[in-house]
Amino acid sequence: MEDFFKVQKEFQKKLYGENLSNEEKTDICKRFVLAAHQELSEVLNCFNWKEHRKEDKTFIKSNLLEEIIDVFKYVLNICVIAGINEKEFKEAFYAKTAVVLQRHKQEFLKQDKRKVCAIDLDDTLNEWFKSFTIFFNKKMKSKYIDYKEIETNANTLDLARIKREWRISGLKKFIPVKKGASSFTKELRKKGYRIVIISARPYKDYSRIFSDTIFWLKKNKIAYDDIYFDKQKHLTILKKFPKLSFMVEDQQKYYDDVTKEGYKVFLVQDWSFKEIL
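Keep in mind that this is a model prediction, so the values were computed, not measured.

Asks: Describe in detail the packing of aromatic side chains, supporting the description with residues and values.
Replies: As enumerated under the stated definition, the model contains 23 aromatic pairs in all. Aromatic side chains W128 and Y147 sit 5.4 Å apart centroid to centroid with 75 degrees between the ring planes, which places their arrangement in the edge-to-face category. Here Y147 lies in helix α6 (residues 147-153) and W128 lies in helix α5 (residues 128-140), a separation of 19 residues in the sequence. Judged on exposure class, the residue W128 and its partner Y147 are both buried. A centroid spacing of 5.8 Å and a plane angle of 75 degrees characterise the contact between F132 and W166, whose relative ring orientation is edge-to-face. Taken together, the positions of F132 in helix α5 and W166 in helix α7 (residues 156-169) put the pair 34 residues apart, joining distant regions of the chain. Take F132: its relative accessible area is 0%, and that puts it in the buried class. An aromatic cluster is built from W128, F129, F132, F135, F136, Y144, Y147 and W166, whose rings are joined through pairwise contacts. One cation-aromatic arrangement involves K105 over Y224; the distance from NZ or CZ to the ring centre is 5.9 Å.

Here's what the structure looks like:
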């Protein structure tokens, strides 16, 4: 893979030179995308795909392979223009694979007879508030004590900007885990629960959030079956699993909403996982 990137980078240098402006990069990427789209059509044309035609077209593997290479080279060109290197590409490939497998598992996993519990992720299983406060203070050279103080006193635009930087940094993969979180989820698994991790993380705006979350869960040995992201996570999960046994949450507003619906919720504020088990 490293050689592929090197070859395309050298070829691009011959075509376009170096030190391209953002406008030039955008224009070149646009042309590469359109060209790749055309080449994908050529891939399709290697097959007898038209249902309304009877064409005597012999499948030639080498022709198909050449068209696939054309598509791949344009994709590599886009990576090079965007500054994506082979290491980043490889890591992203395996991260995306983990997401695809998780989605497939969730979408095709039939409703079974197991009891279902939903566990919030940030500041329930991990130390999100503490980690973000450290990140914010470092970026802003400030000395806020906790997230509540940041939310109350920091400039709104600064907070939004730093949150964006936090989400694209990849640092969520390394947020410290809450003491006892791993053993808690493993014990739930032993007791026969289907464990659903829920989060309000804005996955639709920041694609890497899904793979970063899977990385964190595996790294910290958290037992889980499903992962759902939604701003209204607590209500969405009730629709998905109407027979939910209980939920574990750290936010009072979510606790209030779910208990009003008649469900059992454990509010995790100065708590112990053992209290639930």
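Asks: Describe the layout of surface pockets, and please don't skip the residues or the numbers.
Replies: Volume-wise, the largest pocket comes out at about 1300 Å³. Considering the residues around the largest pocket, the lining is formed by 39 residues, among which D122, W128, F129, D250 and Q251 are closest to the centre. Breaking the lining of the largest pocket down by element, the ones donating at least two residues are α5, α6, α7, α10 (233-240) and α11 (252-260). With 4 residues, α5 is the single largest residue contributor to the lining of the largest pocket. Residue classes in the lining of the largest pocket are distributed as 11 nonpolar, 7 polar and 21 charged. Quantified by volume, the second largest pocket comes out at close to 580 Å³.

Asks: I'd love a proper account of the nonpolar core, names of residues and values included.
Replies: Core analysis: the largest hydrophobic core is formed by 38 residues, its most contacted members being I119, L125, F132, L188, I195, I197 and L217. The element best represented in this core is helix α9 (residues 208-219), accounting for 5 residues. Residues in contact with L217, not counting those within four places in the same chain, are L121, I197, I222, Y224 and I227. V196, I237, M247 and V258 belong to the second-largest nonpolar core, a separate cluster that totals 13 residues.

Asks: Would you mind going over the pattern of salt bridges in detail, with residue names and values included?
Replies: Following the criterion strictly, the structure yields 16 salt bridges and no others. Linking R31 and D27 is a salt bridge whose minimum nitrogen-to-oxygen distance equals 2.8 Å. Taken together, the residues R31 and D27, both in helix α2 (residues 22-44) and 4 residues apart, mark about one turn of the helix. For R31, a relative accessible area of 41% corresponds to the partly exposed category. Residue classification places D27 among the partly exposed positions, given a relative accessible area of 31%. Across the pair D120 and K233 runs a salt bridge, and its minimum N-O distance is 2.5 Å. Taken as a pair, D120 in strand β1 (residues 115-120) and K233 in helix α10 lie far apart in primary sequence, 113 residues in all. When sorted by exposure, D120 lands in the same class as K233, which is buried. Several salt bridges share partner residues, and in doing so they unite K139, D158, R161 and E165 into one network.

Asks: How would you summarise the pairing of strand β3 (residues 226-229) if you had to cite specific residues and measurements?
Replies: The alternating pattern of β3 places D226 and Y228 on one face and I227 and F229 on the opposite face, and all of these are buried. Sheet analysis places strand β2 (residues 193-199) next to β3, joined by 4 bridges and oriented parallel. Its bridge partner being in β3, I197 is matched across the sheet by I227. Once you follow β2 into α9 and on to β3, the crossover reads as right-handed.

Asks: Could you give me a rundown of α2, with the residues and numbers involved?
Replies: What sets the pattern is the α-helix's 3.6 residues per turn: residues three or four places apart point alike. Its 23 residues give α2 an end-to-end C-alpha distance of 33 Å, which sits within 8% of 33 Å, the value for a rise of 1.5 Å per residue. Those residues of α2 that sit buried are I28, C29, F32, A35, A36, E39 and V43.

Parameters and conventions
Position numbers for residues start from 1 in each chain and track the written sequence from start to end. Reporting of local features is limited, given that this is a predicted model, to residues whose pLDDT is at least 70; pairs of side-chain atoms are given and counted only at 80 or more, and all residues count toward the totals for whole chains, interfaces and linings. Heavy atoms from the whole structure form the basis of all side-chain values; hydrogens and water molecules are not counted. Pairing of aromatic rings covers Phe, Tyr and Trp, the last counted by its six-membered ring, and requires centre-to-centre distances within 6.5 Å; plane angles under 30 degrees mean stacked, over 60 mean edge-to-face, and any other angle means tilted. Elements are defined by DSSP. Helices are runs of H or I of four residues or more, strands are runs of E of two residues or more, and each kind is numbered from the N terminus. Three exposure classes are used, based on accessible area relative to the maximum for each residue type with a 1.4 Å probe and protein chains only: buried under 20%, partly exposed in between, and exposed over 50%. When the NZ atom of lysine or the CZ atom of arginine is within 6 Å of a ring's centre and also within 35 degrees of its normal, the charge is said to sit over that ring. We place a 1 Å grid over just the protein atoms. Points where a 1.4 Å probe fits but has no way out form a cavity, open points with protein on both sides within 12 Å along at least 5 of 7 lines form a pocket, and any residue with an atom within 4 Å of a point lines it. Grid points are joined across faces, edges and corners, and a volume is the space filled by probe spheres set on the points. Residue classes follow a fixed rule: Ala, Val, Leu, Ile, Met, Phe, Trp, Tyr, Cys and Pro count as nonpolar, while Asp, Glu, Lys and Arg count as charged, and any other residue, Gly among them, counts as polar. To qualify as a nonpolar core, a set must consist of buried Ala, Val, Leu, Ile, Met, Phe, Trp, Tyr and Cys residues joined through side-chain atoms within 4.5 Å. Contact between two residues is taken to exist if any of their heavy atoms lie within 4.5 Å; hydrogens are not considered. Each reported salt bridge corresponds to a side-chain nitrogen of Lys or Arg within 4 Å of a carboxyl oxygen of Asp or Glu. Any two strands with at least two DSSP-identified bridges between them are counted as paired. We call a crossover right-handed when, viewed with the strands running away from us, the connection from the first strand over the helix to the second turns clockwise. A helix is expected to span 1.5 Å for every residue after the first.

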